[in-house]
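Breakdown of the fold
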Amino acid sequence: MSKNRINKITSTFVPITIEHIDTDQIIPARFLKATTREGFGRNLFRDWRYENDDETRPRPDFALNKPQYRGNILVAGQNFGCGSSREHAAWAILDAGFQVVVSSFFADIFKNNALNNGVLPVTVSEGFLMKIFALGPDETLEIDLPAQTITITSTGEKESFEINNYKKECLLNGYDDIDYLLSIRNDIEAYENSFIP
């Protein structure tokens with residue numbers, strides 16, 4: 001299934017300063033029974049968002065419950081996505097409306113799951129992350145995937161980030177792995193035909 005394209009994104013962001021956020025905190029195991037990708041966003045950070053799993057009792061101190069925080073960029077403390085390898089964590093983040101997650105370190109399996117599901121993980125230095133956390137709720141970040149840069153809009157401070165070239169092309173074009181293969185079908189056929197006498 002094709003995903004939304006990511007090119008340049010300028011948005012306010014939701015800050016979660018907690019470090020070592022594991023995939024069970026991102027989407028608790030009791031919500032993994034669904035067979036489709038839709039609906040997981042409702043339960044993103046469920047145990048941190050609500051008192052005693054009661055949606056009528058949101059925790060007022062949690063960022064996702066604060067009306068001043070909005071946007072399609074999630075900014076989190078270091079070692080984001082550690083723990084089990086559940087792909088549902090990326091599904092929940094995307095379904096909640098986030099296209100980008102920014103952190104100073106991502107667990108490898110989460111990072112790959114995010115890239116495979118149309119979520120861009122942007123790794124920044126610890127110092128740059130702290131500058132983002134110090135910003136007010138109306139400040140914006142610019143994510144430029146073609147240039148591989150993240151910029152604090154108000155100050156112009158910028159860092160570069162790394163991304164696998166194949167995954168970059170997939171995100172720019174909204175491809176999953178099958179879409180990508182279809183996009184180069186003619187090249188594949190030409191290569192195969194080169195072996196036919």
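Attention here is on the structure that accompanies the text. (Residues numbered from 1 in each chain as written. Predicted model: local features only at pLDDT ≥ 70, side-chain atom pairs only at ≥ 80, totals over all residues. Heavy atoms only, no water.)

This part covers the overall build of the protein chain. Within the protein chain one finds 8 helices and 8 strands. In terms of overall dimensions, the protein chain is globule-like: its C-alpha atoms have a radius of gyration of 18 Å, near the 16 Å expected for 197 residues. For the protein chain, the proportion of its 197 residues judged to be buried stands at 44%. A sequence separation of at least 24 residues applies to 63% of the contacts in the protein chain between residues at least 6 apart. (Helix = DSSP H or I, 4+ residues; strand = E, 2+ residues; numbered from the N terminus. Rg over C-alpha atoms; globule rule 2.2 N^0.38 Å. Buried < 20%, exposed > 50% of the residue type's maximum accessible area, 1.4 Å probe, protein only. Contact = heavy atoms within 4.5 Å.)

All right, on to helix α4 (residues 108-116) then. Two residues of an α-helix separated by three or four positions point the same way, owing to the 3.6 residues in each turn. For α4, the set of buried residues is Phe110, Asn113, Ala114 and Leu115. Of the surrounding elements, those touching the buried residues of α4 are α1 (23-26), α3 (88-95), β5 (120-123) and α6 (165-173). Looking one or two places after α4, you find Gly118, whose phi comes out positive at around 85 degrees.

This next bit is on the sheet that holds strand β4 (residues 100-103). Reading across from one edge, β2-β3-β4-β5 is the order of the 4 strands in this open sheet, with parallel pairing throughout. With partners counted over all chains shown, the strands left at the sheet margins are β2 (13-16) and β5, one partner each. Averaged over neighbouring strand pairs, the angle between their axes works out to 20 degrees when direction is ignored. Sheet analysis places β4 next to β5, joined by 4 bridges and oriented parallel. Bridging from a neighbouring strand, Val101 pairs with Pro121 of β5. (Pairing = 2+ DSSP bridges. Axes fitted to C-alpha atoms, helices over the stretch in contact; angles between N-to-C directions.)

Moving on, we get to the pairing of β4. Every second residue of β4 is oriented toward a common face, with Val100 and Val102 on one face and Val101 and Ser103 on the other, all of them buried. In the sheet, strand β3 (residues 73-76) pairs with β4 via 3 bridges, with the strands oriented parallel. Its bridge partner being in β4, Ile73 is matched across the sheet by Val100. Regarding topology, α3 serves as the crossover connection from β3 to the parallel β4, and that connection is right-handed. Once you follow β4 into α4 and on to β5, the crossover reads as right-handed. (Right-handed = clockwise from strand over helix to strand, strands pointing away.)

Purely geometric numbers; function is a separate question.
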